[in-house]
Amino acid sequence: MQPMRELSAELKELLLAAHHKVKMEKGSFLFQEGSAAKELYIVLSGKVQVGKIIPDGRELTVRMCTKGDLVGEVSLFSSTPKYMLNAKVTESGEAAVIYKDTLEVQLSKDNKLALELMKWMSLQHRKTQTKFRDLILHGKKGALYSTLIRLSNSYGVRSREGIVIDVALTNQELANFCGTSREVVNRLLGELRKTGAISINKGIITILDLDYLKMEINCEDCPVDICNIE
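Residues numbered from 1 in each chain as written. Predicted model: local features only at pLDDT ≥ 70, side-chain atom pairs only at ≥ 80, totals over all residues. Heavy atoms only, no water.

1. Quick look at the overall build of the protein chain
A count of helices and strands for the protein chain gives 6 helices and 10 strands. Projected onto its principal axes, the C-alpha positions of the protein chain cover 55 × 35 × 30 Å. Taking all 230 residues of the protein chain together, 45% fall into the buried category. The long-range share in the protein chain, meaning contacts at least 24 apart out of those at least 6 apart in sequence, stands at 72%. Accessible area of the protein chain: about 12000 Å², with a carbon and sulfur share of 52%. (Helix = DSSP H or I, 4+ residues; strand = E, 2+ residues; numbered from the N terminus. Buried < 20%, exposed > 50% of the residue type's maximum accessible area, 1.4 Å probe, protein only. Contact = heavy atoms within 4.5 Å. Areas by Shrake-Rupley, 256 points an atom, 1.4 Å probe, with all protein chains shown as cover.)

Laid out in structure tokens, this is it:
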């Protein structure tokens, strides 16, 4: 989801008028699938991965949330009283807590802000749709290649060699974004290194041939506000 710096001043003010703040410890959860959906969170520092545990034990990571991101927004105005996903803390930090019922009342009184938030949530839905599209149409390879492209849009830093993905992710974390196993990601990354499309140094991936990744999955060149990992 777009960071809060891209929202209007009025909606920022509304969301930041949080009830209280909580410390986030790495490995803990802001919420878990099936628990009562009573709160939303704004990440003030640290990182949170939003995803789901697949019945066979694998994880599917849908979003990686950082400073300024809203987490748990899909529960707004929902008849489902429980969270459908997990929000796992992967880097310790702090989050502001907003009570769902309180925010719903405030939004119901201001149609302009409610509409802006709806557009914001619609954008997040479109991002999720494109991720599942890549996974379904192109399988595990497509899921990994599109994840690398999205990471380059969110965290890419251009260098002489290529685009450095300036965030350290383990192969297991990459696998979680693809809904596959670490072994599959190991093999696919090895193949990409052999073709010269990427290089890896101390866990940091540099994309050397972005066009190759895009060509392999018939990339539609979606705008960056959709094609990102957040």
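After presenting the structure, the write-up continues.
2. Let's talk about the packing of helix 1 (residues 9–16) against helix 3 (residues 111–155)
At a minimum axis distance of 10 Å, the contact between helix 1 and helix 3 shows a crossing angle of 85°. One element, helix 1, and the other, helix 3, form an angle in the roughly perpendicular class. On the side of helix 1, the interface is formed by E10, L11, L14 and L15, while helix 3 contributes L113, E116, L117 and W120. Classifying every residue of the contact of helix 1 with helix 3 gives 6 nonpolar, no polar and 2 charged. (Axes fitted to C-alpha atoms, helices over the stretch in contact; angles between N-to-C directions. Parallel < 35°, antiparallel > 145°, perpendicular 65-115°, else oblique. Nonpolar A, V, L, I, M, F, W, Y, C, P; charged D, E, K, R; others polar.)

3. A short note on the UniProt feature "domain: HTH crp-type" (unreviewed entry) in the protein chain
Within this structure's numbering, the places UniProt gives as "domain: HTH crp-type" (unreviewed entry) are residues 138–211. The span residues 138–211 is 57% helix and 19% strand, and its two end C-alpha atoms sit 17 Å from each other. (UniProt positions renumbered as here; feature names shortened; annotations may be inferred.)

4. Looking at the pattern of salt bridges
Taken as a whole and judged by the stated rule, the model has 9 salt bridges. In this structure, K52 engages E33 in a salt bridge whose closest nitrogen and oxygen atoms are separated by 2.5 Å. One end of the pair, K52, is in strand 3 (residues 39–53); the other, E33, is in the loop between strand 2 (29–31) and strand 3, and 19 residues separate them in sequence. Ionic pairing is found between E183 and R182, a salt bridge with its closest N-O pair at 3.5 Å. Given the relative accessible area of 51%, E183 is considered exposed. Here R182 falls in the partly exposed class, since its relative accessible area comes to 38%. (Salt bridge = Lys/Arg side-chain N within 4 Å of Asp/Glu carboxyl O.)

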